[in-house]
Amino acid sequence: METYHQGKFAELGVLDTFVQDNHSSSERGTLRGLHFQLRHAQAKLCRVVEGEALDVALDIRVGSPHFGKWTVVVLSAEKQNQLYIPAGFAHGFLALSERVQFLYKCSDFYHPEDEHGVLWSDRKIGIPWPIPDPLVSDKDKKLPELAGVPRELLPQYPK
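Position numbers for residues start from 1 in each chain and track the written sequence from start to end. Per-residue local features of the predicted model are confined to residues with pLDDT of at least 70, and side-chain atom pairs are confined, for both listing and counting, to 80 or more; whole-chain, interface and lining totals are unaffected and use all residues. Only hydrogens and water are set aside when side-chain values are computed; all heavy atoms of the structure are taken into account.

Draft legend 1. Up close: the nonpolar core. Put simply, a nonpolar core is a bunch of buried Ala, Val, Leu, Ile, Met, Phe, Trp, Tyr and Cys residues held in one set by side-chain atoms that sit within 4.5 Å of each other. Relative accessibility thresholds used throughout: buried, under 20% of the residue-type maximum; exposed, over 50%; partly exposed, between the two (1.4 Å probe, protein chains only). Among the nonpolar cores identified, the biggest contains 21 residues, and L34, L58, I60, L94, V118 and W129 are the most heavily contacted of them. The set of elements that each furnish at least two residues to this core consists of β2 (30-37), β4 (52-59) and β7 (89-95). Not counting the four nearest positions on each side in its chain, L58 is found in contact with L34, G68, K69, W70, G88, F89, A90, V118 and I125. Counting 14 residues, the second-largest nonpolar core is a separate cluster that includes A57, L75, F93 and Y104. Strands here are runs of E lasting at least two residues and helices are runs of H or I lasting at least four, both read from the DSSP assignment and numbered beginning at the N terminus. We call two residues in contact when some of their heavy atoms are within 4.5 Å.

Draft legend 2. Region of interest: the packing of aromatic side chains. Working definition: rings of Phe, Tyr and Trp (its six-membered ring) pair if their centres are within 6.5 Å, and the pair is stacked with planes under 30 degrees apart, edge-to-face with planes over 60 apart, and tilted otherwise. Tallying each qualifying case throughout the model produces five aromatic pairs. Relative to F102, the ring of F93 lies with its centre 3.8 Å away and its plane at 5°, an arrangement referred to as stacked. Ring plane angle 70° and centroid distance 6.3 Å describe the contact between W120 and W129, whose orientation is recorded as edge-to-face. Assigned by exposure class, W120 and W129 land together as buried. Here the basic side chain of K105 rests over the ring of Y4, its NZ or CZ set 5.5 Å away from the ring centre. Placement of a charge over a ring requires the Lys NZ or Arg CZ to be within 6 Å of the ring centre, with the centre-to-atom vector within 35 degrees of the ring normal.

Draft legend 3. Examining the sheet that holds strand β1 (residues 20-27) more closely. Any two strands with at least two DSSP bridges between them are considered paired. Strand order in the open sheet made by the four strands is β1-β8-β3-β6, with antiparallel pairing throughout. One side of each edge strand has no neighbouring strand; the edge strands of this open sheet are β1 and β6 (82-85). For this sheet the average axis-to-axis angle between neighbouring strands, irrespective of direction, equals 20°. Relative to strand β8 (residues 99-106), β1 runs antiparallel, the two sharing eight bridges. Of the residues in β8, the one forming a bridge with S25 is Q101. For helices, the fitted line uses only the C-alpha atoms of the stretch in contact; every axis is such a line through C-alpha atoms, and the angle between N-to-C directions lies from 0 to 180 degrees.

Draft legend 4. Seen up close, the side chain of D55. Take D55: it is sitting in strand β4. For D55, which is buried and forms no salt bridge, the nearest opposite charge comes from K44, at a distance of 8.1 Å. Here a polar contact is taken to be a pair of N or O atoms separated by no more than 3.5 Å, where protein atoms must pair a possible hydrogen donor with a possible acceptor and residues adjacent in sequence count only if both atoms sit in side chains. Here the side chain of D55 touches H91 through a polar contact of 2.5 Å, side chain to side chain. Here the positive residues are Lys and Arg and the negative ones are Asp and Glu; neither His nor the chain ends is included. What makes a salt bridge here is a side-chain nitrogen of Lys or Arg within 4 Å of a carboxyl oxygen of Asp or Glu, nothing more.

Draft legend 5. Structural detail: the pattern of salt bridges. Applying the stated criterion across every chain, the model contains six salt bridges. The salt bridge involving K8 is made with E2; its shortest N-O contact spans 3.2 Å. Exposure remark for K8: the relative accessible area of 47% places this residue in the partly exposed category. Residue classification places E2 among the exposed residues on the basis of a relative accessible area of 52%. Two residues, D114 and R39, come together in a salt bridge whose shortest N-O distance is 3.5 Å.

Draft legend 6. Just the environment of Q156, in detail. Relative to the helices and strands, Q156 is located in the segment after α2 (138-141). Given a relative accessible area of 52%, Q156 falls into the exposed group. Note: C-alpha distance between Q156 and A41 (115 residues apart in sequence) is 11 Å. Sequence-distant contacts of Q156, defined by excluding residues within four places in its chain, comprise R61, V62 and R151.

Draft legend 7. Just the pairing of β4, in detail. Of all eight residues in β4, seven are buried, a share of seventy percent or more. Where β4 and strand β5 (residues 70-76) come together, seven bridges link them in antiparallel fashion. Bridge pairing links A53 to L75 in β5. Alignment of β4 against β7, held across seven bridges, turns out to be antiparallel. Directly across from L58, in β7, lies its bridge partner A90.

Written out as structure tokens, the structure reads:
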């Protein structure tokens, strides 16, 4: 199975150069996110190779007509589908099956000092997580709601 072909993605308008691959293993009910980097913004190409996950992209670009809007896609090993997330979006996912192997390509390297996030359960955003009480890391539980993130820590929408 061919999972990435630069030329075919370029035909679709995805021109990012991916520099890092990540592999996350999670059990059912584990929620990761919503994360982003500011100075080292990352576009991501996400897929699942075992199980099923709800993948979420949240537009946090100040000035975007879609600011605060999100999209969700169920990624599964069976469907072999993928989700492209442009730079400037916060990203998170929820493991829906007993075991999930989640892979994603990134257009910039991970810089822990540049990592920021938005609270997964922000009611004003209203993402419909299908598992009511997910397993969330202490770090992710402490993230601010989108309205509480200082605007200088959010990416700007291109003018």
